[in-house]
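A look at the structure
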Amino acid sequence: MGFLHLFIVNKAGGLILHRPLGRAAPKIGTNEWLRIGSTFHSLHAIAAEAGPVKLPGNKNSSGADDGIEEIEGGGVVLKCLQTRTGIKFVLTAEPGTADLDSVLREIYVLYSDCALKDPFYELEMPIRCELFTNAVDNLIERIEPGGLKTR
């Protein structure tokens, strides 16, 4: 059990960060990540419109638009946290990995504290904030000791 990847998609569907989080994370090229990010954004939007049950105001519990929150498939769990501003934080992990919701919320707090407070960071642009990536690495290391050592 462990974390595999983190990717963050902006409200327009552009990938602004992708990061392997563990030893078992498959190696995926940048072009494939761009495709994964935009495809997930599109599927999220379709799911929000095509879902048979609409939440009040088409909003989820965190006030963001309704859509995909979790997908579980053959050997992988994908968990999504969409913010009120439309940014999607997506975490993939092996089945049985605990606390995906709380880890996503902590990553969102780190994004708010590190990336958004960086005077050189522009919204909707790729995240190139070393403080943020180090904070995510430390969070994952704290939760899953030994997870990042062989990246």
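Residues numbered from 1 in each chain as written. Predicted model: local features only at pLDDT ≥ 70, side-chain atom pairs only at ≥ 80, totals over all residues. Heavy atoms only, no water.

So, on to the overall build of the chain. Of the regular secondary structure elements, the chain holds three helices and five strands. Written out in order from the N terminus, the α and β elements of the chain read β-β-α-β-β-β-α-α. Split into buried and exposed, the 151 residues of the chain put 44% on the buried side. Of all intrachain contacts in the chain linking residues separated by at least 6 positions in sequence, the fraction that spans at least 24 positions is 47%. (Helix = DSSP H or I, 4+ residues; strand = E, 2+ residues; numbered from the N terminus. Buried < 20%, exposed > 50% of the residue type's maximum accessible area, 1.4 Å probe, protein only. Contact = heavy atoms within 4.5 Å.)

Generally speaking, nonpolar side chains in soluble globular proteins are found buried as a group. The biggest cluster of nonpolar side chains holds 28 residues, and the ones touching the most others in it are Ile8, Leu91, Ile107, Ile127 and Phe132. Elements supplying a minimum of two residues to this core: strand E1 (3-9), strand E2 (15-20), strand E4 (76-82), strand E5 (88-93), helix H2 (100-115) and helix H3 (130-143). Each residue touching Ile127, except ones within four places of it in the same chain, is listed here: Ile8, Ile16, Leu17, Tyr111, Ala115, Tyr121 and Phe132. (Core = buried A, V, L, I, M, F, W, Y, C linked by side-chain atoms within 4.5 Å.)

In this section: the side chain of Thr92. Relative to the helices and strands, Thr92 is located in strand E5. Among the residues examined, Thr92 registers a relative accessible area of 10% and is labelled buried. In this structure Thr92 touches Phe3, Leu4, His5, Phe7, Val76, Val77 and Leu78, once residues within four positions along its chain are discounted.

Quick look at the state of the cysteines now. In the structure shown here, the tally under the stated rule is zero disulfides. Unpaired in terms of disulfides, Cys114 finds its nearest cysteine sulfur in Cys129, a separation of 5.9 Å. Judged by its relative accessible area of 11%, Cys114 is buried. (Disulfide = S-S within 2.5 Å.)

Turning to H2, a few remarks are in order. Helix length check: H2, at 16 residues, gives a terminal C-alpha distance of 21 Å against a target of 22 Å (1.5 Å per residue), a fit within 8%. For H2, the set of buried residues is Leu100, Val103, Leu104, Ile107, Leu110, Tyr111, Cys114 and Ala115. End-on, the buried residues of H2 take up no more than an arc of 115°, which puts them together on one face. (Expected span 1.5 Å × (residues − 1). Arc of directions from axis to C-beta.)

Taken as a whole, this structure holds six aromatic pairs when the rule is applied. Judged by centre distance (5.5 Å) and plane angle (65°), the ring pair of Phe89 and Tyr108 falls under edge-to-face. A residue pair is termed long-range when its members are at least 10 positions apart, and Phe89 in strand E5 and Tyr108 in helix H2 qualify at 19 residues. Since its relative accessible area comes to 0%, Phe89 is described here as buried. On the basis of relative accessibility, which here comes to 33%, the residue Tyr108 falls in the partly exposed class. Arranged with centres 5.3 Å apart and planes meeting at 70°, the rings of Phe89 and Tyr111 form a pair that is edge-to-face. Of this pair, Phe89 sits in strand E5 while Tyr111 sits in helix H2, placing them 22 residues apart in sequence. In this structure an aromatic cluster arises from ring pairing among Phe89, Tyr108, Tyr111, Tyr121 and Phe132. (Phe/Tyr/Trp six-rings, centres within 6.5 Å; stacked < 30°, edge-to-face > 60°.)

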